[in-house]
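Understanding the architecture of this molecule
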Amino acid sequence: MRDEYIREAQKVISDPNILINVISRRVKQLRRGSRPLVESLEKLSPEDVALREVIEGKISYELHTS
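Overview of the structure. What you are looking at is a predicted structure, and each value in this text was computed from that prediction instead of being measured.

Another aspect to go through is the environment of L63. Within the fold, L63 resides in the segment after α3 (46-55). Here the alpha-carbon distance between L63 and I18, two residues 45 residues apart in the chain, equals 9.2 Å.

Written out as structure tokens, the structure is:
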């Protein structure tokens, strides 16, 4: 994973635990064949694609409280 992508994604999702969960869930989806929501001229790893999706606001999350 690229450090600059991690830093930028942390500006969008500041809680590291939530960021890890969002990224890991999205990486699993990408590895199972989901299409990326961002385009890149270079070949990115699934982790970097997921981080870019967070940075560009393409994916979000909801917290469910009981």
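Before going further, it helps to spend a moment on the packing of helix α1 (residues 3-12) against α3. Where α1 meets α3, the closest approach of the two axes is 8 Å, and the angle between their N-to-C directions is 40°. For α1 against α3, the interelement crossing comes out left-handed. Listed contacts from α3 to Y5, I6, E8, A9 and V12 of α1 are D48, L51, R52, V54 and I55. Residues belonging to the contact of α1 with α3 are distributed by class as follows: 7 nonpolar, no polar and 3 charged.

We now examine the side chain of R26. Position of R26 relative to the elements: it lies in helix α2 (residues 16-31). Aside from chain neighbours lying at most four places away, what touches R26 is S34, R35, P36, L37, A50, E53 and I59.

Orientation of α2 relative to α3, taken along the N-to-C sense of each, is 125°, at an axis distance of 9 Å. The angle between the axes of α2 and α3 places the two elements in the oblique class. As α2 packs across α3, the resulting crossing turns out to be right-handed. Taken together, the residues of α3 that come into contact with α2 (itself represented by L19, V22, I23, R26, V27, L30 and R31) are P46, E47, V49, A50, L51, E53 and V54.

Okay, the side chain of D48 next. Mapped onto the elements of the fold, D48 is located in helix α3. Since its relative accessible area comes to 6%, D48 is described here as buried. Among residues more than four places away in sequence, those in contact with D48 are M1, R2 and Y5.

Rules and cut-offs
Residues numbered from 1 in each chain as written. Predicted model: local features only at pLDDT ≥ 70, side-chain atom pairs only at ≥ 80, totals over all residues. Heavy atoms only, no water. Helix = DSSP H or I, 4+ residues; strand = E, 2+ residues; numbered from the N terminus. Axes fitted to C-alpha atoms, helices over the stretch in contact; angles between N-to-C directions. Left-handed = near helix turned anticlockwise from the far one by under 90°. Contact = heavy atoms within 4.5 Å. Nonpolar A, V, L, I, M, F, W, Y, C, P; charged D, E, K, R; others polar. Parallel < 35°, antiparallel > 145°, perpendicular 65-115°, else oblique. Buried < 20%, exposed > 50% of the residue type's maximum accessible area, 1.4 Å probe, protein only.

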